[in-house]
Amino acid sequence: MAKNKKKQTRRCGVLLPIFSLSSEYGIGAFSKEAYEFVDFLSDAGQSYWQILPLGPTSYGDSPYQSFSTFAGNPYFIDINALITDGLLTKKQALGCDFGGTEEKIDYEKLYRTRFKLLKTAYDNVDKSPVAKEIKKEFEAFKKNPDNDWLSDYALFMALKDANNGRAWNTWSEDIKLRKKDALKKAHEKYKEEVDFYSFLQYLFSKQWEALKSYANSKGIEIIGDIPIYVAFDSADTWANPELFLLDKENTPIDVAGCPPDAFSATGQLWGNPLYRWDYHKKTGYKWWLKRISQCYKLYDVVRIDHFRGFDEYYAIPYGNPTAEIGEWRKGPGYDLFDVMKRELGDKKVIAEDLGFLTDTVIGLVKKTGFPGMKILEFAFDSREESDYLPHNYTKNCIVYTGTHDNETARGWFDHLPRNDKRFAKEYLGIHYAKDAVWAMIRAAFASVSDTAIIPMQDYLELGAYARINTPSTLGGNWTWRMKKDALSKELCQKMYDYARIYGRLS
C-alpha cells in the first residue's frame, strides 16, 4: 500500500523590493524585467517574492511613509506598456533623463521627469488606438465601490501640487478642516488634476494586477507589507482625522516612535499620528478591515510591520525633538485580529515581531497563530544563547538571513566583532570568510522553519553598498537596484538545488 504523503509546507522565497528592478526608463517595477524576474524565481524553485509596500512615496522616498495607504506608486507604472497603447512615443520616453546609475536610483530626477511623462500619456488618451477601451475601464475603476478612497487621494495630490508640495496642515483653514463648500469648490477648480491622479491609479492597478496574476500563474505568491502607521502628511490623515489622535485644529497630540535603546541613545522619532483605538473599536475596526482588504487585493501574504504596536505602542508628545520622553500605552490587542479573522476569513500573515519583546507581545503572536520572524544576523552573539539561532526555531516562523533594514549578509559578516565572528564560523561550520554568506543561506534552508526568505543581495553576495535601508537615518536609503545581468543560469540552478535538497520546492 502506498504511503500517505504529508502535506508539503516547507517553502522558500526571495526578498527584492520591486523598485530594485531597473529598466531603460528608470524603475522597472512593472516592466518586462519584472516578468523575467518572476520566471527566474519559478525556475529557481521559489514560492515567494517579498516586495515591500507599493504605496506612493513622499519625502525621504521610504515606502513606509506614503501619501496614501490605499494608492499605488506612479513611479512603478511601466512606460513600455503606455507606448504599446499609443499613449506615448518611444522618442518621448527616451527624451527623459531618469538619472541614477546602474545600481542606484535618483529619486529627484524621477520625480521631475516621471510625472511630466505620465501627464503626456494622460493628455494623449484620445489619440490612442484603444482609447475607447481605456476610457471604459477608467470609468469603471472610478465607480468601483472598493475604490471609494480614490476621490480623496486624487484631490489631496492635486491640492499638494497647488500648495507647492507643502503638508496639508499648512493649507487654508477651510481646506485643512475639510469644510464642505471648500471641498466642492476645490473639486471643481482642480477637476483635471484630480482626474489625472485618478488615471495614474487606474494604470497602476491594471498593470499590477497583470503582473501579480502572471506571478501566481507561475506558482509565485507575493508577500507585501502593511505598515502599522500612516504618514501624517497623507490623504488618509487629512480625509479621516477622526481616526487619529489629533486636536480640534487637526494637529497631532502625540506621535509614534520607539524609546532609547542599545541602538539609539535618543530613540526613534517616527512622527506618525497615533490611532484613537477606542474609536476604531466602536466602528468594529471598519477602516482597518478596509485597509487590510486592500492589502489582500495587492498581495497573497501580508507582513504586519511593527507587530508589537498592536499590543503596546510608544507615545511621544508632539513637538518633542527626540523620542526620549514618552510612554507605553495599550493597543487593541487580539480584538482587532479576532474581528479580522471573523470578517475576512483565514488569511496568510507574517508578524514582524522583532526587537525587544515583552511577555504580552509574545502571547499575542502566539494567540493569533501568525508566524513570527527569525533573523540570522541577530543570532551570533558570542556572549549569550539567542532565539535567532536555527536550533531554537519552531516550524511556525519565517527565517531570513536579514531584512531590508539589515546590512547585507556579506557586509554584516565583514563587520562582525572578532568573538562573534569566531562563533559564527564555528556554528556555520566554515573556515573562510568567503564562504559565510552561502553557509548562512544553507543554515536558513536546513532549519525547521516552514519558510526561508533570502534577500536577493545575499544570493548575489553583495557588500554593504547594496543595503536597502539604515533605520533612523535620512538620505541614501531605498536606492539600490540590481544590475540587469545579475541573474545567471548558474545562480538559478544553485538556488533550485538548495530548495530541492532541503525540501522547499513548491
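Data block above holds the structure.
Below is a summary of the structure that appears in this document. (Residues numbered from 1 in each chain as written. Predicted model: local features only at pLDDT ≥ 70, side-chain atom pairs only at ≥ 80, totals over all residues. Heavy atoms only, no water.)

### Focus on the overall build of the protein
Helix and strand counts for the protein stand at 19 helices and 14 strands. With respect to the three principal axes, the spread of C-alpha positions in the protein is 70 × 55 × 55 Å. Buried positions account for 55% of the 506 residues belonging to the protein. Nonlocal contacts in the protein, meaning residues at least 24 apart in sequence, comprise 74% of its contacts between residues at least 6 apart. Taking the average place of the 70 positive charges on the side chains of the protein and the average place of its 70 negative ones, the gap between the two points comes to 3 Å. (Helix = DSSP H or I, 4+ residues; strand = E, 2+ residues; numbered from the N terminus. Buried < 20%, exposed > 50% of the residue type's maximum accessible area, 1.4 Å probe, protein only. Contact = heavy atoms within 4.5 Å. Lys, Arg positive; Asp, Glu negative; His and termini not counted. Charge placed at Lys NZ, Arg CZ, Asp CG, Glu CD.)

### Some thoughts on the pattern of salt bridges
Under the defined criterion, the tally for this structure stands at 28 salt bridges. The salt bridge partner of E249 is K176, with a shortest N-O separation of 4.0 Å. Pair noted here: E249 is in the loop between α10 (235–239) and β6 (254–258) and K176 is in helix α7 (residues 173–176), with a separation of 73 residues, a long-range link. In this structure E249 comes out as partly exposed when scored by relative accessible area, which is 38%. With a relative accessible area of 8%, K176 lands in the buried category. Between D254 and R329 there is a salt bridge; the shortest N-O distance is 2.9 Å. (Salt bridge = Lys/Arg side-chain N within 4 Å of Asp/Glu carboxyl O.)

### Quick notes on the sheet that holds strand β10 (residues 327–330)
The strand order across the open sheet formed by four strands is β7-β6-β9-β10, and the pairing between neighbours is antiparallel. Of all strands in the sheet, those bounded by a partner on one side alone are β7 (268–273) and β10. The sheet shows a mean angle of 50 degrees between the axes of neighbouring strands, taken without regard to direction. Where β6 and β7 come together, three bridges link them in antiparallel fashion. Note on β7: the bridge partner recorded for V255 is P273. (Pairing = 2+ DSSP bridges. Axes fitted to C-alpha atoms, helices over the stretch in contact; angles between N-to-C directions.)

### Quick look at the packing of aromatic side chains
Overall, the coordinates contain 55 aromatic pairs when judged by the stated rule. With a centroid separation of 5.6 Å and an interplanar angle of 85 degrees, the aromatic rings of W287 and W288 are classed as edge-to-face. Accessibility classification places W287 together with W288 in one group, the buried group. In this structure, R178 is placed above the aromatic ring of W238, and the distance from its NZ or CZ to the ring centre is 4.4 Å. Looking at K347, its charged tip hangs above the ring of Y296, at a distance of 5.1 Å from the centre. (Phe/Tyr/Trp six-rings, centres within 6.5 Å; stacked < 30°, edge-to-face > 60°. Lys NZ or Arg CZ within 6 Å of the ring centre and 35° of its normal.)

### Observations regarding the environment of S449
For S449, the position within the fold is in the loop between α17 (436–446) and β14 (451–455). Its relative accessible area of 0% is what places S449 among the buried residues. Beyond its immediate stretch of four places on either side in the chain, S449 contacts R10, Y393, T394, K395, C397, I398, V399 and R504.

### Remarks on the packing of helix α6 (residues 150–162) against helix α8 (residues 180–189)
Orientation of α6 relative to α8, taken along the N-to-C sense of each, is 75 degrees, at an axis distance of 11 Å. It follows that α6 is roughly perpendicular to α8 by the angle criterion. Each of S151, L155 and L159 in α6 lies in contact with α8, whose residues at this interface are L183, A186 and H187. Of the residues that constitute the contact of α6 with α8, the class distribution is four nonpolar, two polar and no charged. (Parallel < 35°, antiparallel > 145°, perpendicular 65-115°, else oblique. Nonpolar A, V, L, I, M, F, W, Y, C, P; charged D, E, K, R; others polar.)

### Quick word on the sheet that holds strand β11 (residues 348–351)
Taken in spatial order, the eight strands of this open sheet run β11-β8-β5-β4-β1-β14-β13-β12, and their pairing is parallel. Each edge of the open sheet carries a strand with a single partner, namely β11 and β12 (372–375). Put simply, the sheet's adjacent strands are angled 25 degrees from each other on average, direction ignored. Of the pairings in the sheet, the one linking strand β5 (residues 221–226) to strand β8 (residues 301–304) comprises four bridges and is parallel in character. Across the sheet, G224 pairs through a bridge with V302, a residue of β8.

### Here's the deal with helix α13 (residues 334–344)
Every buried residue belonging to α13 is among L336, F337, V339 and M340, and all of these are buried. Down the axis of α13, the sector holding all buried residues measures 160 degrees, keeping them to one side. Buried residues along α13 sit against α11 (277–282), α12 (286–298), β8, β11 and α14 (359–368). At the exit of α13 stands G345, carrying a positive phi of roughly 85 degrees. (Arc of directions from axis to C-beta.)

### A closer look at the state of the cysteines
Two cysteines joined by a covalent bond between their sulfur atoms form a disulfide. Evaluation of the coordinates by the stated rule reveals zero disulfides. Its sulfur unpaired, C12 is 11 Å from the next cysteine sulfur, which belongs to C492. Free of any disulfide, C397 has its nearest neighbouring cysteine sulfur in C12, separated by 15 Å. (Disulfide = S-S within 2.5 Å.)

### A look at α6
When the terminal C-alpha atoms of α6 are compared, their 18 Å separation across 13 residues agrees well with the 18 Å that a helix rising 1.5 Å per residue should span. Contacts from the buried residues of α6 go to α5 (131–143), α7, α8, α9 (191–217) and α10. (Expected span 1.5 Å × (residues − 1).)

### Regarding the pairing of β5
Every other side chain in a regular strand lies on the same face of the sheet, so the side chains alternate between the two faces. Within β5, five of the six residues are buried, leaving the element largely enclosed by the surrounding structure. Both strand β4 (residues 48–50) and β5 contribute to a ladder of three bridges, which runs parallel. Paired with Q50 across the two strands is I223, which belongs to β5.

### Focus on unusual backbone geometry
Of note, D61 is a non-glycine position whose phi angle comes to about 65 degrees, a positive value. By relative accessible area, D61 is classed as partly exposed at 22%. The phi dihedral of Y285 is positive, around 60 degrees, even though this residue is not glycine. What makes Y285 buried here is its relative accessible area of 3%.

### With respect to the environment of K206
Among the structural elements, K206 can be located in helix α9. For the pair K206 and D305, spaced 99 residues apart in sequence, the C-alpha separation works out to 26 Å.

In short, geometric facts, not functional conclusions.
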